[in-house]
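Architecture at a glance
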Amino acid sequence: MLDSNSLYVTDENGNEKRMEILFTFDDESRNKRYVVFADPEVESDEVFASAYDDGHLLPVETEEEWQMIEEVIGAFQDDEEE
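Here goes a summary of the coordinates provided. (Residues numbered from 1 in each chain as written. Predicted model: local features only at pLDDT ≥ 70, side-chain atom pairs only at ≥ 80, totals over all residues. Heavy atoms only, no water.)

Points about the overall build of the chain
A count of helices and strands for the chain gives 1 helix and 5 strands. Sequence-ordered secondary structure for the chain, helices as α and strands as β, is β-β-β-β-β-α. Its C-alpha atoms give the chain a radius of gyration of 13 Å, near enough to 12 Å, the size a compact globule of 82 residues would have. Considered along the principal axes of its C-alpha atoms, the chain spans approximately 35 × 30 × 25 Å. (Helix = DSSP H or I, 4+ residues; strand = E, 2+ residues; numbered from the N terminus. Rg over C-alpha atoms; globule rule 2.2 N^0.38 Å.)

Structure below.
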């Protein structure tokens, strides 16, 4: 589920956990939307990403898709550092 600044994921134990949305972006060539998020309770540079549609998280399906997401995250981090 997505709301304005957070999304909620279910962990491997079935517990719902709030994650902070860092940003979203569209990839028109794949006709998909993506969300990049982090766990606000963990002080780490680790971020997560997923495709999404109508409030549901969807799996990233290919290595090419992951590479594109990593490039977007890298560009976002570069912009944040400036």
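Text resumes after the structure shown.
A word on the pairing of strand E3 (residues 32-38)
Along any regular strand, the residues point their side chains to alternate faces of the sheet. Of all the 7 residues making up E3, 5 are buried; the element is thus mostly covered by neighbouring parts of the structure. Relative to E3, strand E2 (residues 16-27) is paired through 7 bridges, and the arrangement is antiparallel. Among the inter-strand pairings, Thr-24 is bridged to a residue of E3, identified as Val-35. Where E2 folds back on E3, the antiparallel hairpin that results is connected by 4 residues, among which Asn-31 adopts a positive phi of roughly 55 degrees. Pairing geometry for E3 and strand E4 (residues 48-53), over 5 bridges, is antiparallel. When the sheet's bridge partners are listed, Val-35 is paired in E4 with Ser-50. (Buried < 20%, exposed > 50% of the residue type's maximum accessible area, 1.4 Å probe, protein only. Pairing = 2+ DSSP bridges.)

Quick notes on the side chain of Ser-6
Tracing the chain through its elements places Ser-6 in strand E1 (residues 6-10). For Ser-6, a relative accessible area of 7% gives the class buried. At 2.8 Å, the side chain of Ser-6 and the side chain of Arg-18 are in polar contact. (Polar contact = N/O pair within 3.5 Å; in protein donor to acceptor, adjacent residues only side chain to side chain.)

A few points about the pairing of E4
Summarising the sheet, E4 and strand E5 (residues 56-58) pair through 3 bridges and their orientation is antiparallel. Note on E5: the bridge partner recorded for Ala-51 is Leu-58. As consecutive antiparallel partners, E4 and E5 are separated by 2 residues, and within that stretch Asp-54 has a phi angle of approximately 50 degrees, a positive value.

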